[in-house]
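# Analysis of the macromolecular model
Single-letter residue listing:
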Amino acid sequence: AQSVTQPDIHITVSEGASLELRCNYSYGATPYLFWYVQSPGQGLQLLLKYFSGDTLVQGIKGFEAEFKRSQSSFNLRKPSVHWSDAAEYFCAVGGGLTGGGNKLTFGTGTQLKVEL
Amino acid sequence: DGGITQSPKYLFRKEGQNVTLSCEQNLNHDAMYWYRQDPGQGLRLIYYSQIVNDFQKGDIAEGYSVSREKKESFPLTVTSAQKNPTAFYLCASNGGRNYGYTFGSGTRLTVV
């Protein structure tokens, strides 16, 4: 069964500081990996996704993530955090177009607080 | 603009009543999904449908029902059998070609 672990429930960073949110996954084949962001009371917005190829993927809002197969990780990074980045972040893993009915499994989320 | 519309945004239900949450998409996506979100638990899959007139149970289907009579619509009914229905419900769709879900803005259901 596929699973995702986000070990940090809450993270606080100062505005302008760098950010790294951790994500570890378990999946039996080549995973499809995603990061989503959610503002309070809203739906989820896709930040970036990894299917294959270059293991460093760029997303929206200045975010990037690196796929490391040997560590089963897909950590999200941003060089300089803005106050508007405060939100909840979810990592997700899926089985591709035909695997598992395209079902995504989500982590429990990391709540990011930005101090001014 | 294409997207997913969930309605209503807030819903209150008395214990023992069934209630239906609406999800409509104009993205021409084949696959649609319902997730439940509770604090600290992430998103859990309730039901999903990959094609019209077909759907499968997710991880927490007990106490819920769905239908998929049209490609654009995937309503979720929360029945009286659901023991703890108060939660935030998210609908999503996936076009397959550009793998990655599109989410609606959610419905917050409160049992009073």
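Residues numbered from 1 in each chain as written. Chains lettered and ligands numbered in written order. Predicted model: local features only at pLDDT ≥ 70, side-chain atom pairs only at ≥ 80, totals over all residues. Heavy atoms only, no water.

## Overview of the overall build of chain B
Short version of the rule: Secondary structure elements are taken from DSSP: a helix is a run of H or I of four residues or more, a strand is a run of E of two residues or more, and numbering for both begins at the N terminus. Throughout, radius of gyration means the C-alpha value; the globule benchmark is 2.2 Å times the number of residues raised to the power 0.38. For every residue, the accessible area (1.4 Å probe, protein chains only) is compared with the maximum for its type, and the residue is labelled buried under 20%, exposed over 50%, or partly exposed between those bounds.
A tally of regular secondary structure across chain B gives zero helices and 11 strands. Scanning chain B from its N terminus toward the C terminus, one meets helices and strands in the order β-β-β-β-β-β-β-β-β-β-β. Computed over C-alpha atoms, the radius of gyration of chain B comes to 13 Å, within 12% of the 13 Å expected from 2.2 N^0.38 for 112 residues, which places it in the range of a compact globule. On the principal axes, the C-alpha backbone points of chain B span a range of 40 × 25 × 25 Å. Expressed as a percentage of the 112 residues in chain B, the buried residues total 49%.

## Here's the deal with the interface of chain B and chain A
Put simply, the test is: Two residues qualify as a contact provided that any one of their heavy atoms is within 4.5 Å of a heavy atom in the partner residue. In this description, buried area is defined as the sum, over both parts, of the accessible area (probe of 1.4 Å) that is lost when the two are combined. In the sections that follow, a salt bridge refers to a side-chain nitrogen of Lys or Arg positioned within 4 Å of a carboxyl oxygen of Asp or Glu. The term polar contact refers here to a pair of N or O atoms within 3.5 Å; inside protein, the definition further demands a hydrogen-donor-capable atom paired with an acceptor-capable atom, and it admits residues adjacent in sequence only when both atoms are side-chain atoms. The classification used treats Ala, Val, Leu, Ile, Met, Phe, Trp, Tyr, Cys and Pro as nonpolar, Asp, Glu, Lys and Arg as charged, and all other residues, Gly among them, as polar.
Across the contact, 23 residues belong to chain B and 23 residues belong to chain A. Interface area for chain B against chain A, summed over the two sides, is near 1,700 Å², with a carbon-plus-sulfur share of 56%. The interface formed by chain B and chain A contains zero salt bridges. Put simply, chain B and chain A have five residue pairs in polar contact (both at pLDDT 80 or more) between them. Taken together, the elements giving at least two residues each to the side of chain B that touches chain A come down to strand E4 (31-38), strand E5 (42-51) and strand E9 (87-94) of chain B. Sort the elements by how many residues they give to the side of chain B that touches chain A and E5(B) lands first, with five residues. Looking at the side of chain B that touches chain A residue by residue, the classes come out as 10 nonpolar, 11 polar and two charged.

## Examining the state of the cysteines
Where we set the bar: Cysteine sulfur atoms are paired as a disulfide whenever they fall within 2.5 Å.
Taken as a whole and assessed by the stated rule, the structure comprises two disulfides over all chains. Sulfur-sulfur distance for the disulfide between A:Cys23 and A:Cys91 comes to 2.0 Å. Between A:Cys23 and A:Cys91 the sulfur-sulfur dihedral comes to about -65 degrees; the bridge is accordingly left-handed. Pair noted here: A:Cys23 is in the loop between strand E3 (19-21) and strand E4 (24-26) and A:Cys91 is in strand E10 (residues 87-95), with a separation of 68 residues, a long-range link. Disulfide pairing is shown between B:Cys23 and B:Cys91; the S-S distance is 1.9 Å.

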